[in-house]
Amino acid sequence: MNRKIGMISSLVNVVSVVGFAIFMLVDFSFGNYFICMFIAFSFVPMVASFVADCSKAKKVAGYSAMIFSGVYATFILAVYFAQVTSVVNDNLSEETLKILDFEKFGLMFNYDLLGYALMALATFFVGLTVDVNNKASKWLKNLLLIHGVFFISCLIMPMLGLFNSDKPTEPWVGILILEFWCAYFIPIGILSFLHFKNKEVLNAS
């Protein structure tokens, strides 16, 4: 069961990230927000599957990854559920929109970056749990560990006030950054799928 959940969640994660990349290119904001929830839905069981697979000596790293992934999902689901419900369906005042509307670079945007900072931290700790026994697992481990670097930028940028609705950046800059992230994260999902597929039995399965 653990192995199947790992494979399915990894596959859903890849499809969700690909969908996110496509929706950005076609400028479909509702699709972007909706599919991001499935990145979170799939990421948590994917991380849990890595923890089930890791040795006892690496359980602390695994448990840390699980907790950070859960907090990441909480922030992300709150942000994007607000976008596809309250922001889309309610006739909100301008002041309320400054807080709730992701595109206003306000509180929800900052929470989104905090969420992805925690996701990066989770991948770093997941990387610590991966045993290297072939080229694919080596790539997976390195990609997970390096992805942890995003923790620093996602945490610090909102504090520096780099994103401001009064001084908006060009839309293509944000799209380019996010497309790069998608191109980076898709291989993680694919290699995670292969990691679980090649496991005959996960711990406690």
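Caption draft 1: Fine view of the pattern of salt bridges. If you walk through the whole model with that rule in mind, you get three salt bridges. Among the ionic pairs, E94 bridges to K104, the shortest N-O distance being 3.7 Å. Here the residue E94 occupies a position in helix 4 (residues 94-100), and K104 occupies one in the loop between helix 4 and helix 5 (107-129), the gap between them amounting to ten residues. Look at E94 and you get partly exposed, because its relative accessible area is 45%. Residue K104 is classed as partly exposed on the basis of its relative accessible area, which comes to 27%. In this structure, K98 engages E95 in a salt bridge whose closest nitrogen and oxygen atoms are separated by 3.8 Å. Of this pair, K98 and E95 both sit in helix 4, three residues apart, which is roughly one turn of that helix.

Caption draft 2: Looking closely at the packing of aromatic side chains. Applying the stated criterion across every chain yields a total of 20 aromatic pairs. Ring centres of F30 and F34 lie 6.3 Å apart, and the angle between their planes is 5°; this geometry places the pair in the stacked category. Of this pair, F30 and F34 both sit in helix 2 (residues 29-53), four residues apart, which is roughly one turn of the helix. By relative accessible area, F30 is classed as partly exposed at 37%. Among the residues examined, F34 registers a relative accessible area of 39% and is labelled partly exposed. Between F43 and F185, the aromatic rings sit 6.3 Å apart at their centres with planes inclined by 50°, giving tilted as the arrangement. Taken together, the residues F43 in helix 2 and F185 in helix 8 (residues 171-197) connect sequence positions 142 residues apart. Considered together, F43 and F185 belong to a single accessibility category, that of buried residues. Every member of this aromatic cluster is reached through a ring pair, and the members are F23, F28, F30, F34, F38 and F41.

Caption draft 3: Fine view of the nonpolar core. F20, F43, Y72, Y80, Y116, M119 and W181 are the most contacted members of the largest nonpolar core, which totals 47 residues. The element contributing the most residues to this core is helix 2, with eleven residues. Every residue in contact with Y116, bar those within four places of it in the chain, is listed here: C36, Y72, I76, Y80, C154 and W181.

The rules we used
- Residues numbered from 1 in each chain as written.
- Predicted model: local features only at pLDDT ≥ 70, side-chain atom pairs only at ≥ 80, totals over all residues.
- Heavy atoms only, no water.
- Salt bridge = Lys/Arg side-chain N within 4 Å of Asp/Glu carboxyl O.
- Helix = DSSP H or I, 4+ residues; strand = E, 2+ residues; numbered from the N terminus.
- Buried < 20%, exposed > 50% of the residue type's maximum accessible area, 1.4 Å probe, protein only.
- Phe/Tyr/Trp six-rings, centres within 6.5 Å; stacked < 30°, edge-to-face > 60°.
- Core = buried A, V, L, I, M, F, W, Y, C linked by side-chain atoms within 4.5 Å.
- Contact = heavy atoms within 4.5 Å.

Such coordinate-based values are descriptive only and should not be taken to indicate function.
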